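Residue-level structural notes
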Amino acid sequence: MAKDALFSVPEQSPCPKCGARLVIRTGKHGPFLGCSQYPDCDYLRPLKPSSDGHIVKVLEGQLCPECQSVLVLRQGRFGMFVGCSQYPECGHTELIDKPDNTAISCPQCKQGHLVQRRSRYGKIFHACNRFPECQFAVNCTPVAGECEECHYPLLIEKKTAQGVKRFCASKQCGKPVTVDKESE
């Protein structure tokens, strides 16, 4: 018996393709039901319900722009999102955390502007909206202004032990910038 087919599933319906018994197997996404006659029969079925996002709340009064069905709040693999109640027939989805646009232009390409984004680890950073053409990004909050030393057109705010301070966003400079009380 194969190492990943350790348990047969009692009182389970037989394989719909060939009629053989189903066994629990493990794969890179976790355990699943598979036919005991594999590789001759390739039937498989997930043990858990599908991870297409279970419905948390029905959003009354909000309609899907594609099929005019009611929109629902769903919990998926990557967090909460708004989707059509007729999924999978209608695949309309909307992000809840849309990136915040800033009025600060990108100092590297000078064509785009900086938007707030979230990394795959949940950290917030600001990057050019022309990504991947422009790959400018900063981890701190960007502030419009110019460095006194190198005249770089962007400043960043960092929290320090003495409070919030502004620094030059250029990696070559990075010096602290004095803030005028009238400009705030």
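Just so you know, these numbers come straight off a predicted model, no measurement behind them.

**A short note on the overall build of the protein**
The secondary structure content of the protein amounts to zero helices and 16 strands. A burial count over the protein gives 29% of its 184 residues as buried. Long-range pairs, those at least 24 residues apart, make up 14% of the contacts in the protein between residues at least 6 apart in sequence. Surface exposure of the protein reaches about 13,300 Å², of which carbon and sulfur atoms provide 51%.

**Side note on the nonpolar core**
By size, the foremost hydrophobic cluster in this structure holds twelve residues: Ile104, Cys106, Cys109, Leu114, Cys128, Cys134, Phe136, Val138, Leu154, Ile156, Phe167 and Ala169. Setting aside residues up to four positions removed in sequence, isoleucine 104 forms contacts with His113, Leu114, Pro142, Val143, Ala144 and Leu154.

**As for a nonpolar patch on the surface**
Taken together, the side chains of Ile55, Val58, Leu63 and Val70 make up a nonpolar region of the molecular surface, amounting to roughly 310 Å² of accessible area. Here the nonpolar patch takes three residues from strand β5 (residues 54-63), the largest share from any one element. Of note, leucine 63 is situated in strand β5. Leucine 63 gets classed as partly exposed once you look at its relative accessible area, which sits at 48%.

**Digging into the sheet that holds strand β14 (residues 154-160)**
What the four strands build is an open sheet, ordered β13-β14-β15-β16; its pairing is antiparallel. Unpaired on one side and paired on the other, β13 (141-144) and β16 (176-177) mark the two borders of the sheet. Bridge analysis of β14 against strand β15 (residues 163-168) gives six bridges, and the strand direction is antiparallel. Residue pairing across strands places threonine 160 opposite glycine 163, the latter belonging to β15.

Cut-offs applied
- Residues numbered from 1 in each chain as written.
- Predicted model: local features only at pLDDT ≥ 70, side-chain atom pairs only at ≥ 80, totals over all residues.
- Heavy atoms only, no water.
- Helix = DSSP H or I, 4+ residues; strand = E, 2+ residues; numbered from the N terminus.
- Buried < 20%, exposed > 50% of the residue type's maximum accessible area, 1.4 Å probe, protein only.
- Contact = heavy atoms within 4.5 Å.
- Areas by Shrake-Rupley, 256 points an atom, 1.4 Å probe, with all protein chains shown as cover.
- Core = buried A, V, L, I, M, F, W, Y, C linked by side-chain atoms within 4.5 Å.
- Patch = residues over 30% accessible without salt bridge, like charges linked within 9 Å, V, L, I, M, F, W, Y side chains within 5 Å.
- Salt bridge = Lys/Arg side-chain N within 4 Å of Asp/Glu carboxyl O.
- Pairing = 2+ DSSP bridges.

Geometric values such as these leave the question of function open.
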